[in-house]
Amino acid sequence: MHILMVLTSHDKLGDTGKKTGFWLEEFAAPYYIFKDAGVTLTLASPLGGQPPLDPKSDDASAQTDATGRFKEDAEAQAALATTVKLAGVDAGKFDAVFYPGGHGPLWDLAENTSSITLIETMLAAGKPVVAVCHAPAVLRHPKAANGKSVVDGKAVTGFTNTEEQAVGLTDVVPFLVEDMLRQNGGTYSKLEDWQPYVVTDGLLITGQNPASSAPAAKALMKLLG
């Protein structure tokens, strides 16, 4: 089995002068669930090379067993430092694609034509697309064969408006994940803020927040059987 993980290359948190990027737990937890299951992984990003880490995801309060394992794992660190360019990725080689979140994807992956095409191609080929926390932002523009949004009529979740409010970035982000999913026709649902929550609808698997990253990876493994 071969899974593609797509990470952001965007490191600027709007006009705040602060840094953003991908969220470490949302990469590390799925990475080890896949690795421990014997999956072959390819890591990609729009610019290739080392994706920027959201510094807040490196805070002590955000650490988990998976992030601790990653920090001791030279092989995983080397793989992350050498992501391939997304534009050169052949969707046909993969059984599924997984998008970790962090705020970065709101700016680059949501608008990236290679990502949009990848998602449309994977879904058209009957292959799962998974996105966690802010990463459901990548579902903003992809269309199904009928010309409608890929989330239209689908049960979905993603980072909630109240979670965005709690981190103080409602007026910084280019759009709110929850609002976008609803506007695109998604049947959006959520649990209490910061609770793990994953929704599977056909080939789409979405997770609400960082705590949902491991459950989303497990849901994908179950779907792939």
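Reading guide: rules and limits
Residues numbered from 1 in each chain as written. Predicted model: local features only at pLDDT ≥ 70, side-chain atom pairs only at ≥ 80, totals over all residues. Heavy atoms only, no water. Pairing = 2+ DSSP bridges. Helix = DSSP H or I, 4+ residues; strand = E, 2+ residues; numbered from the N terminus. Core = buried A, V, L, I, M, F, W, Y, C linked by side-chain atoms within 4.5 Å. Buried < 20%, exposed > 50% of the residue type's maximum accessible area, 1.4 Å probe, protein only. Contact = heavy atoms within 4.5 Å. Axes fitted to C-alpha atoms, helices over the stretch in contact; angles between N-to-C directions. Left-handed = near helix turned anticlockwise from the far one by under 90°. Nonpolar A, V, L, I, M, F, W, Y, C, P; charged D, E, K, R; others polar.

Student: What is the right way to read the sheet that holds strand S4 (residues 96–99) from this model?
Tutor: Each strand in a sheet pairs with another by means of backbone hydrogen bonds, the pair being arranged parallel or else antiparallel. Read from one edge to the other, the open sheet built from 7 strands follows the order S3-S2-S1-S4-S5-S9-S8, with strand pairing classed as mixed. Each of the sheet's edge strands pairs with one partner strand only, and the pair in question is strand S3 (84–85) and strand S8 (198–201). The sheet contact formed by S8 and strand S9 (residues 204–207) spans 4 bridges and is antiparallel. Bridge pairing in S9 links Asp201 to Leu204.

Student: What is the right way to read the nonpolar core from this model?
Tutor: As a rule of thumb, soluble globular proteins bury nonpolar side chains together. Within the largest apolar cluster, 34 residues are counted, with the highest numbers of intra-cluster contacts made by Val6, Val97, Tyr99, Leu118, Val129 and Leu139. Every element with two or more residues in this core is listed here: strand S1 (2–6), S4, helix H5 (113–124), strand S5 (129–132) and helix H7 (177–183). Looking at which element gives the most residues to this core, the answer is H5, with 4 residues. Setting aside residues up to four positions removed in sequence, Val129 forms contacts with Val97, Tyr99, Ile119, Met122, Leu123, Leu139, Leu203, Leu204 and Ile205. Listed in part, the 31 residues of the second largest apolar core include Phe22, Ala29, Phe34 and Ala219.

Student: Before we go on, may I ask you to explain the packing of helix H1 (residues 24–36) against helix H8 (residues 213–224) in this structure?
Tutor: A pair of packed helices can be characterised by two numbers: the angle between their axes and the separation between those axes. At a closest axis distance of 8 Å, the pairing of H1 and H8 adopts a crossing angle of 35°. When you trace H1 past H8, the crossing you get is right-handed. Touching Glu25, Glu26, Ala29, Pro30, Ile33 and Phe34 of H1 are Ser213, Ala214, Ala217, Lys218, Leu220 and Met221, all from H8. Considered class by class, the residues forming the contact of H1 with H8 number 8 nonpolar, 1 polar and 3 charged.

So far we have only geometry, and geometry alone does not tell us how the molecule works.
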